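Residue strings, one per chain:
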Amino acid sequence: MITVFPAKSIITMNASMPSAEAVAVRDGKIIETGTLESLQPWLSKHDHEIDEQFKNSFIVPGLIDPHLHPSMAAVLLPTYFITAMEWKMPWGTTPATRSPTEYDERLKEALSKPTHGELFITWGHHNLWHGPISRSRLNSIDSKTPIVVWNRSFHEVCMNDAALELLEIKQEDVENATQIDFEKGRFYEIGLGYAIQKLNPYILAPEVFKEGLLKLKEVVHFGGQTTIADMAVGLFDFEAELNTQAALYENEDTPFRVELIAHATVMQKGNSVEQAEELIAKLPERNSHRLNFGKRVKLFTDGAFFSQVAQLMEPGYIDGHHGEWLSTPEQFEDNARVFWNKGYAIHVHCTGDLGLELAVDTLEKMQDERPRFNHGFTIEHFGLSTPEQIFRLSKLGANISANAYYVHELSDIYSNDSVGFERASSMARVGTSFREGITTTLHSDFTMAPAQPLMSMWVAVNRVNEKGNVMCEEERITPQQGLEAITINAARVLGLDHEIGSIRAGKKADFTVLQENPLEIDPLKIKDIEIKATVFEGKVFNIKTQ
Amino acid sequence: MIPVTVVAGYLGSGKTTLINKFLKEAESPIAVLVNDFGELNIDAELIDNQESLTLSLTNGCVCCKLSDDIGVSLESLKGKDITAVIIEASGISLPINIANYGLSWPGFSLKGILALADGQSIGSLLEDKFVGYTVKGQIEQADAILLNRSSGLSLEVLKGLNENIFLEEEVSNYTDLLSAKYYANHFIGDSPKEHASFQSSIFTSNKPIKRDDIKKYLLLNPNIQRAKGWVCEENGIYSLLQMTPSGCNFSPSSFKSQTRIVFIYTGKLSPFEF
Ligand SMILES: [Zn+2]
Ligand SMILES: [Zn+2]
């Protein structure tokens, strides 16, 4: 049976037939796109039905987030969000909270609801917006409910008396620890590690982890995504992450697939890189319909962008501090060589321009030693870069997967407090990367940014930061490029472009149904376009409007 | 509290060899936390003899402390019959970040940071475009440097970064190398007779400290021969303190470390009251 979906317009992202009026689907795949008339040769010869539910909507290829972390999301989503930025969630929008008084009010309001468990954990506190947090401030809000406030950057927690008591953290045990301020109830850096150990029974408990992954399922659907990539399976526990995803996502009511990319150093654990490669090579044996390992691997160069430990070239950070490496250049190169020579697509987490320099130098060396074409070497995150590096990346055939959201959330603070205006305004230089002809996609790195491709597209197209200022208009991309980034280019970067990413005969019938045309609407409204439904392999999954 | 020693140094600086020597020399059980990604191969036989144990570290999540291997390992040592912990910092670690476990994990204290350097390669590593700064930090942040295969040129360079350098050939007992006394003596000078009378104390704090209070304390205790350490001042300023009999100097530091000052003195010290 063929199902035909007519729409106001179908934006195919297939350059040979950029728009259509109807798409015909059979057994989860696209038969043909065109008009009801042009589809007749198929329709006249086969059983079919015309499904008109999208006739007043726009259909785009199913949106793809090519880099997020289901396991991080599973930990974060069960917590209560009080954040400086607005976060749209399927169960309600978390409004922007931007002053200490507002913060306290939101916290009080949340605690007054009877829905929270034994321990109340809230995420999103940020000193610059919400003021310094302390045990006494929390006690004055609620002294009976155990409260844990988890910082936006994940690098600090603060607890009230009740939480300290519940977790059995006593003054005499921790008074010599310099990164624990017991009086203020604050645990940071190493002290945070100690607090997290005490919190782990609550946040990593199998039921909580499951609850988190089920919430992520809603989030992914709500964001209009039909494909996501878990860009480092094994962050906490490889087997648990894989098995729980398989148990919860491999069923008919999951409207997306997950491309899984193994974390190379986790697979290595105590063995040689060659042994790690052998293990990774066997992972596709565990593939199922929705969960797929391809011939790809994740490596890391420098530290996290949000924590200001990206490695920078001269002139570095304003305050003179330096970033961190996540592996030595020698180990990075050795690892890259093993996977390169075995034909893998290597995805490299790099955030600063010096971290990127290491990735580019290494790729250049690999190309010298053993040239490859269409090799899928991908720069992940792409925080700071130079135009010259992008030129080299283009010549070397690399792809770029950028977290454009950095521009929105960080470009203003980083102008003032981190790297200065010139570099802060040009973070995530996607304009240049499109001009150099590089296959460029956008990701959320959720939980670092909202898992909403239209939000990523909105940032890349407008480059408006949280203060409302346009940052480096020269690096903006067009709506057409923005939509390519979150559909066909994302598919190319994941090596899935033969199956998904555009709407054409033969591909999987993955669609996202929008109430407005993202290529024609005022670009500033792209992030607010209502997503009506997604279609995953021909099956319609409606999205409830809030 | 169980003392923690950090062994730092870039790839190929000889951390494996040194840690094996510690295991061999140890008279009471020690625990060694080794980094899984390096070249490290612990000699299993040495461990069996000693009731000591080795735990291996991996780095899982890079963005949060949800899987904090060092913390988990330290926690698992509590209640075991362990008299000391040695943590092998990975080649790219700044030792202060690892030393913070000794300073901040409940039940443990920081004994010291020992960095290794290979005389043949240290010169070029310090100039390296990627890791030059990291290697410089490893040398500057250590309490003592053990230099393998010395070469005249790099010794000069290293002395400029850290004056407390041991040459491999002058070390007879590696466990001693970790005792504050051993390096306290080395700090002060060459006359072996005076050595016996020197002592050292370490002051640590998690609260900001006023520079003037430290200066006052030093004036009050003229028997302090040397002091060196990192100070976290008010307004989030971090500085490096270096005090010799000829004067006391604070220089800005880009390492965000908690306050930790090593005092080397004769006789008695008045209590720390910062
Ligand atoms: Zn990453
Ligand atoms: Zn990531």
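Here the structure is a predicted model, which is why all the values come from computation and not from measurement.

What counts, and where the lines are drawn
- Residues numbered from 1 in each chain as written.
- Chains lettered and ligands numbered in written order.
- Predicted model: local features only at pLDDT ≥ 70, side-chain atom pairs only at ≥ 80, totals over all residues.
- Heavy atoms only, no water.
- Helix = DSSP H or I, 4+ residues; strand = E, 2+ residues; numbered from the N terminus.
- Buried < 20%, exposed > 50% of the residue type's maximum accessible area, 1.4 Å probe, protein only.
- Pairing = 2+ DSSP bridges.
- Axes fitted to C-alpha atoms, helices over the stretch in contact; angles between N-to-C directions.
- Contact = heavy atoms within 4.5 Å.
- Buried area = accessible area lost by both parts, 1.4 Å probe.
- Salt bridge = Lys/Arg side-chain N within 4 Å of Asp/Glu carboxyl O.
- Polar contact = N/O pair within 3.5 Å; in protein donor to acceptor, adjacent residues only side chain to side chain.
- Nonpolar A, V, L, I, M, F, W, Y, C, P; charged D, E, K, R; others polar.
- Arc of directions from axis to C-beta.
- Donors = N, O, S within 2.8 Å, 3.2 Å for Na, K, Ca; no water.
- Domains from an automatic or database assignment.

> For this particular structure, what's the right way to read unusual backbone geometry?
The phi torsion of most residues other than glycine is negative, and most of the peptide bonds are trans. All names here are of chain A. Geometrically, the link from Glu314 to Pro315 is a cis peptide bond, its omega value of 5° lying close to zero. Counting through the fold element by element, Pro315 comes out in the loop between strand E17 (291–300) and helix H13 (329–341). The phi torsion at His381 lies on the positive side, around 90°, for a residue other than glycine. Positionally, His381 belongs in strand E19 (residues 378–381). A relative accessible area of 2% means that His381 is categorised as buried. Notably, Phe382 is not glycine yet its phi reads approximately 60°, a positive angle. With respect to the helices, strands and loops of the structure, Phe382 is situated in the loop between E19 and helix H15 (387–396).

> Please clarify how the sheet that holds strand E20 (residues 399–402) of chain A should be interpreted in this entry.
For sheets, the rule is that strands pair by backbone hydrogen bonds, running either parallel or antiparallel. All names here are of chain A. Spatially, E6-E15-E16-E17-E18-E19-E20-E21 is the arrangement adopted by the eight strands of the open sheet, whose pairing is parallel. Pairing within the sheet leaves two strands with one partner each, and these edge strands are strand E6 (63–68) and strand E21 (440–442). Ignoring which end each strand starts from, the neighbouring axes of this sheet average 25° apart. Both E17 and strand E18 (residues 345–350) contribute to a ladder of five bridges, which runs parallel. Each bridged residue has a counterpart across the sheet, and for Phe300 the counterpart in E18 is His349.

> How do you make sense of the sheet that holds strand E7 (residues 80–81) of chain A when you look at a structure like this?
All names here are of chain A. Taken together, the six strands give an open sheet; going across it, the order is E7-E10-E11-E12-E14-E13, and neighbouring strands pair in mixed fashion. Looking along the sheet, the strands with just one partner apiece sit at the ends: E7 and strand E13 (180–181). Sheet topology note: the strand E11 (residues 147–151)/strand E12 (residues 156–159) ladder contains three bridges and is antiparallel. Within E12, the residue paired with Trp150 across the bridge is Val157. Lying on the sheet, helix H3 (residues 100–112) is in contact with E7, strand E10 (120–125) and E11; it crosses E10 at an angle near 155°.

> Explanation requested: the interface of chain A and chain B in the structure shown.
By a frequent convention, interface size equals the accessible area lost on bringing the separate parts together. Counting residues at the interface gives 52 residues for chain A, matched by 42 residues for chain B. With both sides pooled, the region where chain A packs onto chain B buries about 4000 Å², and carbon together with sulfur makes up 62% of that total. Our count for the chain A to chain B interface comes out at two salt bridges. For Glu357(A), the salt bridge identified is with Lys129(B), shortest N-O distance 3.0 Å. Across the contact surface, chain A and chain B share five residue pairs in polar contact (both at pLDDT 80 or more). A total of nine residues in the side of chain A that touches chain B trace back to one element, the largest contributor, which is helix H8 (residues 190–203) of chain A. Of the residues contributing to the side of chain A that touches chain B, the split by class is 23 nonpolar, 20 polar and nine charged.

> Mind showing me how you'd approach the pattern of salt bridges here?
Two side chains that carry opposite charge are able to pair once their charged atoms sit near each other. All names here are of chain A. All chains considered together, the criterion is met by 33 salt bridges over all chains. A salt bridge links Arg106 to Glu102, with the shortest nitrogen-to-oxygen separation between them at 3.9 Å. With Arg106 and Glu102 both in helix H3 and four residues apart, this pair spans about one turn of that helix. The class of Glu102 is partly exposed, set by a relative accessible area of 28%. Linking Glu537 and Arg257 is a salt bridge whose minimum nitrogen-to-oxygen distance equals 3.0 Å. One end of the pair, Glu537, is in the loop between strand E23 (531–536) and strand E24 (539–542); the other, Arg257, is in strand E16 (residues 257–263), with 280 residues separating them in the sequence. By relative accessible area, Glu537 is classed as buried at 18%. The network of salt bridges with common partners includes Arg257, Glu499, Lys508, Asp510 and Glu537.

> Explain helix H12 (residues 273–282) of chain A to me, please; I cannot follow it from the model alone.
An α-helix turns once per 3.6 residues; consequently, residues spaced three or four apart project the same way. All names here are of chain A. Along H12, the positions that sit buried rather than exposed are Val273, Ala276, Glu277 and Ile280. Projected down its long axis, H12 shows its buried positions confined to an angular sector of 100°, all on one face. Of the surrounding secondary structure, the elements contacted by the buried residues of H12 are E16, helix H11 (264–268), E17 and H13.

> How should I be thinking about the coordination of the zinc ion (ligand 2) in this particular structure?
Between any two of four tetrahedral donors, the ideal angle at the metal is 109.5 degrees; between two of six octahedral donors, it is 90 or 180 degrees. All names here are of chain A. Around the zinc ion (ligand 2), the protein supplies His67 (NE2), His69 (NE2) and Asp445 (OD) as donor atoms, at distances of 2.0 to 2.1 Å. Mapped onto the sequence, the residues coordinating the zinc ion (ligand 2) show the spacing H-x1-H-x375-D. In this structure the zinc ion (ligand 1) is found 3.0 Å away from the zinc ion (ligand 2). Separated by 378 residues along the polypeptide, His67 in strand E6 and Asp445 in the loop between E21 and helix H19 (453–462) bring together distant segments of the chain.

> What should I look at first to understand the domain arrangement of chain A in this one?
All names here are of chain A. According to the domain assignment, chain A contains domain 1 (75–203) and domain 2 (301–444 + 452–477). For domain 1 and domain 2, the distance between their C-alpha centres works out to 32 Å. With eight residues of domain 1 at the contact, the number on the domain 2 side is eight residues. In this assembly, domain 1 packs against domain 2 so that about 750 Å² is buried in total across both faces, 52% of it on carbon and sulfur atoms. At the boundary of domain 1 with domain 2, the tally comes to one salt bridge. Close ionic contact of Glu409 with Arg152 constitutes a salt bridge, the shortest N to O distance being 2.8 Å. Summed over the shared surface of domain 1 and domain 2, the result is three residue pairs in polar contact (both at pLDDT 80 or more).

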